[in-house]
There are 2 protein chains.
Amino acid sequence: MSERADAVDYFVQQWAQVRPELDVTPMALIGRVSRVAVLVQAKVDAVFAEHGMQSWEFDVLATLRRAGEPYTLTPGQLDRTMMITSGTTTHRITRLEERGWVQRERDDKDRRSVRVSLTPSGLAQCDRVQEEHLANERAILEALEPDQRDSLISLMRTFALALGDRAPMEEQSPDA
Amino acid sequence: MSERADAVDYFVQQWAQVRPELDVTPMALIGRVSRVAVLVQAKVDAVFAEHGMQSWEFDVLATLRRAGEPYTLTPGQLDRTMMITSGTTTHRITRLEERGWVQRERDDKDRRSVRVSLTPSGLAQCDRVQEEHLANERAILEALEPDQRDSLISLMRTFALALGDRAPMEEQSPDA
DNA sequence: CGTGAATATCTTGACATCAAGATACAGGAG
DNA sequence: CTCCTGTATCTTGATGTCAAGATATTCACG
């Protein structure tokens with residue numbers, strides 16, 4: 001008489017019938033994290049699509065944007081922040097350069113390095129889309145009561161830390 | 001003086017400095033769901049890799065396995081359950097057929113349809129890997145206190161339902 | 001200086017995935 | 001029976017991603 005069953009409830013119940021000796025409770029959490037991530041991403045993508053862009057494009061723009069003026073990071077900083085490989089970063093920067101939203105210049109201090117910067121057009125695009133994006137995210141979270149949101153944020157934060165997620169380091173050395 | 005900051009804490013703080021007028025709290029949840037999903041997936045993948053397989057391969061095998069004997073579903077049932085497109089399903093079945101873990105036969109009742117079944121080898125592979133997979137999932141959740149796990153499961157279930165996640169329908173019509 | 005290890009980026013090749021459309025069959029209305 | 005609509009699967013072409021390695025540059029140490 002509780003609530004309706006979501007997909008994971010159904011999977012757990014199927015396992016109970018087929019292999020009752022198995023303890024599949026870990027699935028109840030891990031499976032849901034995966035499904036919720038996919039479902040949320042689909043809703044987020046929809047808003048970006050209305051603006052003719054992909055989520056990953058906004059991710060790059062927003063990462064540069066929140067770095068503050070002059071909106072410049074290296075490819076290495078980008079891939080560490082975004083949890084992608086260096087090859088993917090190269091590809092993303094090239095595509096965004098073609099759209100005129102970012103530009104590359106070699107760093108004269110360290111000539112191995114590259115400085116990726118938001119162009120005025122990229123900055124404008126980021127700011128233009130962001131409000132609608134945030135409104136969309138707020139709408140998605142309307143599904144939860146405010147105290148549920150707070151609990152969920154706190155628990156997911158604990159989980160993230162336990163999984164080794166950490167604030168990206170500043171350029172300086174960590175201690176003293 | 002609270003806990004250490006995870007990556008999302010850092011992003012939120014960056015936004016506060018660069019665009020203080022923006023309310024980015026939705027990110028605190030949606031961003032973490034995405035990052036946690038990626039981090040968890042990496043740990044899950046590692047165990048499958050030890051057995052020479054991909055996560056998506058196990059997903060297909062497990063979906064057939066928990067359907068119960070004769071471990072048979074149609075491609076359509078598979079893609080609805082796994083949240084993938086029909087083209088991806090075709091591709092997955094073909095690859096698994098090459099490995100000898102599933103087989104295809106046309107359905108004689110409805111000749112548009114195909115029956116995908118676990119082979120004895122596929123069944124064995126699924127059962128062989130599953131225990132280690134579940135142990136791995138349990139280890140991942142060790143990071144949380146038991147009551148935190150329960151809260152998180154409950155909240156994620158509410159979230160999943162709010163996002164429209166539902167138990168896949170049985171073959172029969174929904175009512176009476 | 002010169003040499004080797006470390007670092008930063010890019011290249012290459014493979015691959016899973018998707019969107020859109022093609023193909024084949026089913027089932028009902030006339 | 002015929003046609004038309006809906007369903008089930010597969011095909012095609014594009015794309016984003018990764019792993020592994022290639023290239024260029026820096027830096028420490030002798």
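Residues numbered from 1 in each chain as written. Chains lettered and ligands numbered in written order. Predicted model: local features only at pLDDT ≥ 70, side-chain atom pairs only at ≥ 80, totals over all residues. Heavy atoms only, no water.

### Here we look at the protein's contact with DNA strand C
Here is the rule we go by: Near is defined per residue: the residue qualifies when any heavy atom it owns lies within 4 Å of the molecule or strand. Within 3.5 Å is the distance limit for a polar contact, defined as a pair of N or O atoms, with the added protein rule that one can donate a hydrogen and the other accept it, and that residues adjacent in sequence qualify only through two side-chain atoms. Here a helix means four or more residues in a row that DSSP labels H or I, a strand means two or more in a row labelled E, and each is numbered from the N terminus. Each residue is assigned to one of three groups, with Ala, Val, Leu, Ile, Met, Phe, Trp, Tyr, Cys and Pro labelled nonpolar, Asp, Glu, Lys and Arg labelled charged, and all others, Gly among them, labelled polar.
The full set close to DNA strand C counts 21 residues, and A:Gly76, A:Ser86, B:Thr88, B:His91 and B:Arg92 are the nearest of them. Taking the atoms of DNA strand C that fall within 4 Å of the protein, sugar and phosphate contribute 73% of them. The contact in question runs from a base oxygen of DNA strand C to an N or O atom on the side chain of A:Arg112, over 3.0 Å. The separation between a phosphate oxygen of DNA strand C and a polar side-chain atom of B:His91 is 3.3 Å. Taken together, the elements giving at least two residues each to the surface near DNA strand C come down to helix H4 (75–82) and helix H5 (86–98) of chain A together with helix H5 (86–98) of chain B. When residues of the surface near DNA strand C are assigned to their parent elements, the largest contribution, four residues, is made by H5(B). Looking at the surface near DNA strand C residue by residue, the classes come out as four nonpolar, nine polar and eight charged.

### Some thoughts on the domain arrangement of chain A
Residue and element names in this part refer to chain A. As a reminder, the rule being used: For the domain bounds, the source is a domain assignment made automatically or taken from a database. Throughout, a contact is declared for two residues whenever any of their heavy atoms are within 4.5 Å. Reported buried area values correspond to the accessible surface (1.4 Å probe) lost by two parts on association, with both partners' losses combined. We count a salt bridge whenever a side-chain nitrogen from Lys or Arg sits within 4 Å of a carboxyl oxygen from Asp or Glu.
Segmenting chain A into domains produces domain 1 (1–50) and domain 2 (53–162). Placing a centre on the C-alpha atoms of domain 1 and another on those of domain 2 gives a separation of 28 Å. Contact residues are listed per partner, giving nine residues for domain 1 and 10 residues for domain 2. Buried surface at the junction of domain 1 and domain 2, summed over both partners, amounts to about 900 Å²; 69% is from carbon and sulfur atoms. Contact with domain 2 buries surface across domain 1, with Val 44, Val 47 and Phe 48 losing the most and accounting together for 61% of the total. Where domain 1 touches domain 2, the interface holds zero salt bridges. Remark: the boundary between domain 1 and domain 2 carries four residue pairs in polar contact (both at pLDDT 80 or more). Residue composition of the side of domain 1 that touches domain 2, by class: five nonpolar, one polar and three charged.

### Let's talk about the interface of chain B and chain A
On the side of chain A, 64 residues touch chain B, which itself brings 65 residues to the contact. Summing both partners gives a buried area of about 7,300 Å² for chain B against chain A, and 70% of it is carried by carbon and sulfur. Area buried by chain B at its contact with chain A is led by B:Arg66, B:Arg157 and B:Leu163, which between them contribute 10% of it. In this structure, the salt-bridge partner of B:Arg35 is A:Asp165, at a minimum N-O distance of 2.9 Å. Across the chain B-chain A interface, the total number found is 15 residue pairs in polar contact (both at pLDDT 80 or more). At the level of elements, helix H1 (7–18), helix H2 (25–50), helix H3 (55–65), helix H6 (120–141) and helix H7 (146–162) of chain B are the ones that each hand at least two residues to the side of chain B that touches chain A. It is H2(B) that provides the largest number of residues to the side of chain B that touches chain A, a total of 15 residues.

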